[in-house]
Amino acid sequence: MSAEKIMSLDLGSRRASAVARGVSTATPIVAARAANAEVWDVDGRRYIDFAGGIGVLATGHRHPRVLAAVREQIDHFTHTAFQVMAYEPYVRLAERLNALAPFSGPARTVLLTTGAEAVENAVKMARVATGRSAVIAFTGAFHGRTQLTMSLTGKVNPYKRASTSGANEVFRIPFPVAHRNIGVRQTLAALESLFYADIEPSEVAAMIVEPVQGEGGFHVAPPQLLQAMRATCTKHGIVLIADEIQSGFARTGRMFAIEHAGVEPDLVTVAKSLAGGFPLSGVIGRASIVDSVEPGGLGGTYGGSPVGCAAALAVLDVIEEEGLLERAEIVGAAIRARLARIARLENAIPIANIRGLGAMIGFDVVKNGVTREPDGALAKAVAAKALERGLVILTCGTYGETLRILVPLTIQDGLLEQGLDMLEQALTLSHTGL
Ligand SMILES: Cc1ncc(COP(=O)(O)O)c(C=O)c1O
């Protein structure tokens, strides 16, 4: 047995006795190094990465521009706490994000560390600005694992199981999913009923929506839904929060997914691909709402780390200079074409409901092509088969039935095709092999 193999086995048992059981890992891979869309494990095996650290790597692993910016920053300083000593990269990044904000009028940005923290802060701003406390979220939503964001998250298993006390004042309406026969009309009827039965609109601080649901199954919010939400929020003085943590930064072919619907949110939460692999998040919002919070009410020791800011500034350059908005459409078209072909193969596992925007694409593994009943166990088995072939791909969705593609937009064409070959093999091999 190779020394590396022993190391990876050893790490497994050390991990089991040292790391909290609640932190799960989707694959048994022990990573050793990575570049763009490829990862090598400690045994030297190469994988093509269609997970991108859960949508963090639109610009790929260790983009040279990002690494150069980070190196330069760490040669100067790594931390002061922005609340103690300010630094220019934070301000420059806030200026750039404000200029990119998908709404008109003056914008302000606060920088934080994790996605959940960004959502927490967005809700706080909405509550302070409106003087109200209720928040409306969707079924299938994922906004994080902290107390408040877990409560906003619309999926019990595994995020809320046995966590008995959620945050107060969170209300939920169904997210429209055409193939489950839930249309925008039903969602809006549920909202009306909520306003009638449970909470007056005048007591609602915010409505929060993922323009493309991530964990919930890559369901795209129909433009009519977002438009109706905008109208409702404007009518009742409710803050509209777009959670772009997974869908932002070129993934869907626009800087922010909500731009596809032509709807202007009031607050936008950002994280993941913002900083190309470094922990950084933020809230970009209308100045009047963001600035309703008194000095000292926002921030955190590590919020807007100078290293993260340097990385994010480089990521924004890369998105612009490498044309990643256009690239997302090209990558997305290649993925869609391949999936459409696989869907027609006679010997393949039945797949259905290919959906998404740009390169943010998901599809369901189903029991058969007629009833299209979701099959989470089979989707998991397909992901495992893909991994055997050398492809890292994640599942998501209510029943775990959705395979989702979050490949770096910078992936080389040949590598993308190789990855899609592996996916195709997994979908055909597993049919005979399972
Ligand atoms: C849409 C969305 N919001 C919030 C979060 C939470 O982000 P984090 O895991 O960084 O707390 C995620 C993470 O997957 C997400 O996809």
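Quantities reported herein were computed from a predicted structural model and do not represent experimental measurements.

*Asks:* Run through the pairing of strand E3 (residues 46-49), naming residues and quoting values.
*Replies:* Bridging between strand E2 (residues 38-41) and E3 involves 3 bridges; their strand directions are antiparallel. Looking at E3, one finds that Val-39 is bridged to Tyr-47. Pairing analysis gives 2 bridges linking E3 to strand E13 (residues 391-392), with the strands arranged parallel. Bridged to Ile-48 within E13 is Leu-391.

*Asks:* I'd like a rundown of the pairing of strand E12 (residues 360-365), residues and numbers included.
*Replies:* The element E12 is largely enclosed, with a buried count of 6 among its 6 residues. Residues Met-360, Gly-362 and Asp-364 point to one face of E12 and Ile-361, Phe-363 and Val-365 to the other, with burial holding for every one of them. Sheet analysis places strand E11 (residues 351-357) next to E12, joined by 5 bridges and oriented antiparallel. Paired with Gly-356 across the two strands is Ile-361, which belongs to E12.

*Asks:* Please give an account of unusual backbone geometry that cites residues and values.
*Replies:* You will see that Asn-181, though not glycine, has its phi angle at about 60°, which is positive. Mapped onto the fold, Asn-181 is located in the loop between strand E6 (170-173) and helix H7 (184-197). Of the residues examined, Asn-181 reaches a relative accessible area of 64% and is grouped as exposed. Despite not being glycine, Asn-353 shows a phi value in the positive range, around 60°. Looking at where Asn-353 falls in the secondary structure, it is placed in strand E11. Residue Asn-353 is classed as buried on the basis of its relative accessible area, which comes to 15%.

*Asks:* Explain the site of the ligand to me, using residue names and the numbers behind them.
*Replies:* Every residue lining the ligand is accounted for by Thr-114, Gly-115, Ala-116, Phe-142, His-143, Gly-144, Glu-210, Asp-243, Ile-245, Gln-246 and Lys-272. Within the contact set of the ligand, a nitrogen atom lies 2.7 Å away from a side-chain nitrogen or oxygen of Asp-243. In isolation the ligand exposes 390 Å². Once the protein is present, 84% of that is buried. Here the shell around the ligand is built from residues that sort into 3 nonpolar, 5 polar and 3 charged.

*Asks:* Could you give an account of the packing of aromatic side chains, with specific residues and numbers?
*Replies:* For any pair of aromatic rings, the description rests on two quantities: the centre-to-centre distance and the angle between the ring planes. Using the criterion set out here, one finds 7 aromatic pairs in the structure. Look at Phe-82 and Tyr-87: their rings are 5.3 Å apart centre to centre, the planes differ by 80°, and that puts the pair in the edge-to-face class. Relative accessible area serves as the criterion here: at 24%, Phe-82 is assigned to the partly exposed category. Taken together, the ring pairs in this structure connect Phe-77, Phe-82, Tyr-87 and Tyr-90 into an aromatic cluster. Positioned above the aromatic ring of Trp-40 is the side chain of Arg-33, whose terminal nitrogen or guanidinium carbon lies 4.2 Å from the ring centre.

*Asks:* Tell me what's going on with the pattern of salt bridges, and back it up with residues and numbers.
*Replies:* By the definition in use, this model includes 21 salt bridges. Taking the shortest distance from any N to any O, the salt bridge between Arg-14 and Asp-10 comes out at 3.9 Å. Here Arg-14 pairs with Asp-10, and both are found in helix H1 (residues 3-18), just 4 residues apart, close to one helical turn. Residue Arg-14 is classed as partly exposed on the basis of its relative accessible area, which comes to 49%. Among the residues examined, Asp-10 registers a relative accessible area of 36% and is labelled partly exposed. In this structure, Arg-355 engages Asp-364 in a salt bridge whose closest nitrogen and oxygen atoms are separated by 2.8 Å. Taken individually, Arg-355 and Asp-364 each receive the classification buried, so the pair is uniform in this respect. Beyond isolated ion pairs, a larger network of salt bridges with shared partners links Arg-65, Arg-96, Asp-317, Glu-320 and Glu-321.

What counts and how
Residues numbered from 1 in each chain as written. Predicted model: local features only at pLDDT ≥ 70, side-chain atom pairs only at ≥ 80, totals over all residues. Heavy atoms only, no water. Pairing = 2+ DSSP bridges. Helix = DSSP H or I, 4+ residues; strand = E, 2+ residues; numbered from the N terminus. Buried < 20%, exposed > 50% of the residue type's maximum accessible area, 1.4 Å probe, protein only. Near = heavy atom within 4 Å. Polar contact = N/O pair within 3.5 Å; in protein donor to acceptor, adjacent residues only side chain to side chain. Areas by Shrake-Rupley, 256 points an atom, 1.4 Å probe, with all protein chains shown as cover. Nonpolar A, V, L, I, M, F, W, Y, C, P; charged D, E, K, R; others polar. Phe/Tyr/Trp six-rings, centres within 6.5 Å; stacked < 30°, edge-to-face > 60°. Lys NZ or Arg CZ within 6 Å of the ring centre and 35° of its normal. Salt bridge = Lys/Arg side-chain N within 4 Å of Asp/Glu carboxyl O.

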